[in-house]
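A closer look at the structure
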Amino acid sequence: MFIKVKLPWNVMIPAEAMDPNGLMIQRAVLIRLLDAFASKKATKDLGYFIALKNLEEIGEGRIRETTGEIVFPVVFSGITFKMFKGEIVHGVVHKVHKSGVFLRCGPCENVYLSQYKMPGYDYVVEGNPLFMNQNMSRIQIGATVRFVVLDIQWKEAEKEFIALASLEGANLGPF
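Everything in this summary refers to the structure shown in the same document. (Residues numbered from 1 in each chain as written. Predicted model: local features only at pLDDT ≥ 70, side-chain atom pairs only at ≥ 80, totals over all residues. Heavy atoms only, no water.)

Overview of the sheet that holds strand S9 (residues 122-126)
- Taken together, three strands build an open sheet; the order of strands is S9-S10-S11 and the sheet is antiparallel. A strand with exactly one partner marks an edge of an open sheet, and here the two such strands are S9 and strand S11 (138-139).
- Across two bridges, the pairing between strand S10 (residues 128-132) and S11 is antiparallel. Each bridged residue has a counterpart across the sheet, and for phenylalanine 131 the counterpart in S11 is isoleucine 139. (Pairing = 2+ DSSP bridges. Helix = DSSP H or I, 4+ residues; strand = E, 2+ residues; numbered from the N terminus.)

Below, the structure written as structure tokens:
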């Protein structure tokens, strides 16, 4: 689920943003790194970028002749989020359809739980659509559900994952 990673990165800073005394280099590098990190969103191998933890190393800056920017190689540690097949996780229902529900699990917005993977639950339309079992346990918008990840797929264009979920197994379902 959460992975601690050490990442190399190149930070580009315009020459006019540099302090001649060199005192503001770390600050400029850190601000640019945070901006780049926030805009990255996710990668197939590492999952969703959650937090930048420590800036461990700032290398020597090199001037790019074509743009005049200064490129600093940096190494930092951070935390990412990625689901794996067979992992048991929690999600919050945000859409209910007759064919199943969509859950959010951390930064992953597209976890699909099919009605066929909810044994004992039936679709009910009474005001707000929901799934309910014989014990009156409900899967509805806002419900937190423990599920097992059946499969996960990376969508390159959107830079996000989609996952298939199941409640087949012990101790799975709404709580």
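Looking at the pattern of salt bridges
- Under the defined criterion, the tally for this structure stands at seven salt bridges.
- Between glutamate 160 and lysine 41 there is a salt bridge, with its nearest N and O atoms 3.3 Å apart. With glutamate 160 in strand S13 (residues 160-166) and lysine 41 in the loop between helix H1 (25-40) and strand S2 (42-43), this residue pair connects regions lying 119 residues apart in the sequence.
- Between glutamate 69 and arginine 64 there is a salt bridge, and its shortest N-O distance comes to 3.9 Å. (Salt bridge = Lys/Arg side-chain N within 4 Å of Asp/Glu carboxyl O.)

Considering the side chain of glutamate 160
- Note on glutamate 160: relative accessible area 17%, which makes it buried.
- At 3.3 Å, the side chain of glutamate 160 and the side chain of lysine 41 are in polar contact.
- The contacts of glutamate 160, once residues within four sequence positions are left out, are Lys41, Tyr48, Asn110, Gln153, Trp154 and Lys155. (Buried < 20%, exposed > 50% of the residue type's maximum accessible area, 1.4 Å probe, protein only. Polar contact = N/O pair within 3.5 Å; in protein donor to acceptor, adjacent residues only side chain to side chain. Contact = heavy atoms within 4.5 Å.)

A look at the environment of threonine 144
- With respect to the helices and strands, the residue threonine 144 is situated in strand S12 (residues 144-155).
- It is 8.3 Å that separates the C-alpha atoms of threonine 144 and glycine 173, two residues lying 29 residues apart in sequence.
- Not counting residues up to four positions away in its chain, the partners in contact with threonine 144 are His90, Gly91, Val92, Gly173, Pro174 and Phe175.

A look at the packing of aromatic side chains
- Tallied over the full model, the rule gives ten aromatic pairs.
- Note on phenylalanine 37 and phenylalanine 76: the rings are 5.7 Å apart at their centroids and 85 degrees apart in plane angle, and the pair reads as edge-to-face. Pair noted here: phenylalanine 37 is in helix H1 and phenylalanine 76 is in strand S5 (residues 70-81), with a separation of 39 residues, a long-range link.
- Note on phenylalanine 37: relative accessible area 7%, which makes it buried.
- Seen in terms of ring centroids, tyrosine 48 and phenylalanine 161 are 5.7 Å apart; in terms of plane orientation they differ by 65 degrees. Their pairing is edge-to-face. Here phenylalanine 161 lies in strand S13 and tyrosine 48 lies in strand S3 (residues 47-58), a separation of 113 residues in the sequence. (Phe/Tyr/Trp six-rings, centres within 6.5 Å; stacked < 30°, edge-to-face > 60°.)

Observations regarding the pairing of strand S8 (residues 108-114)
- In this sheet, S8 lies alongside strand S7 (residues 100-105) in antiparallel orientation, the contact comprising five bridges. Within S8, the position partnered with cysteine 105 by the bridge is cysteine 108.
- Taking the residues between adjacent antiparallel strands as the criterion, S7 and S8 are bridged by two residues, where glycine 106 takes a positive phi near 60 degrees.
- By the bridge criterion, four bridges tie S8 to S13 in an arrangement that is parallel. Counterpart to asparagine 110 in the pairing with S13 is isoleucine 162.

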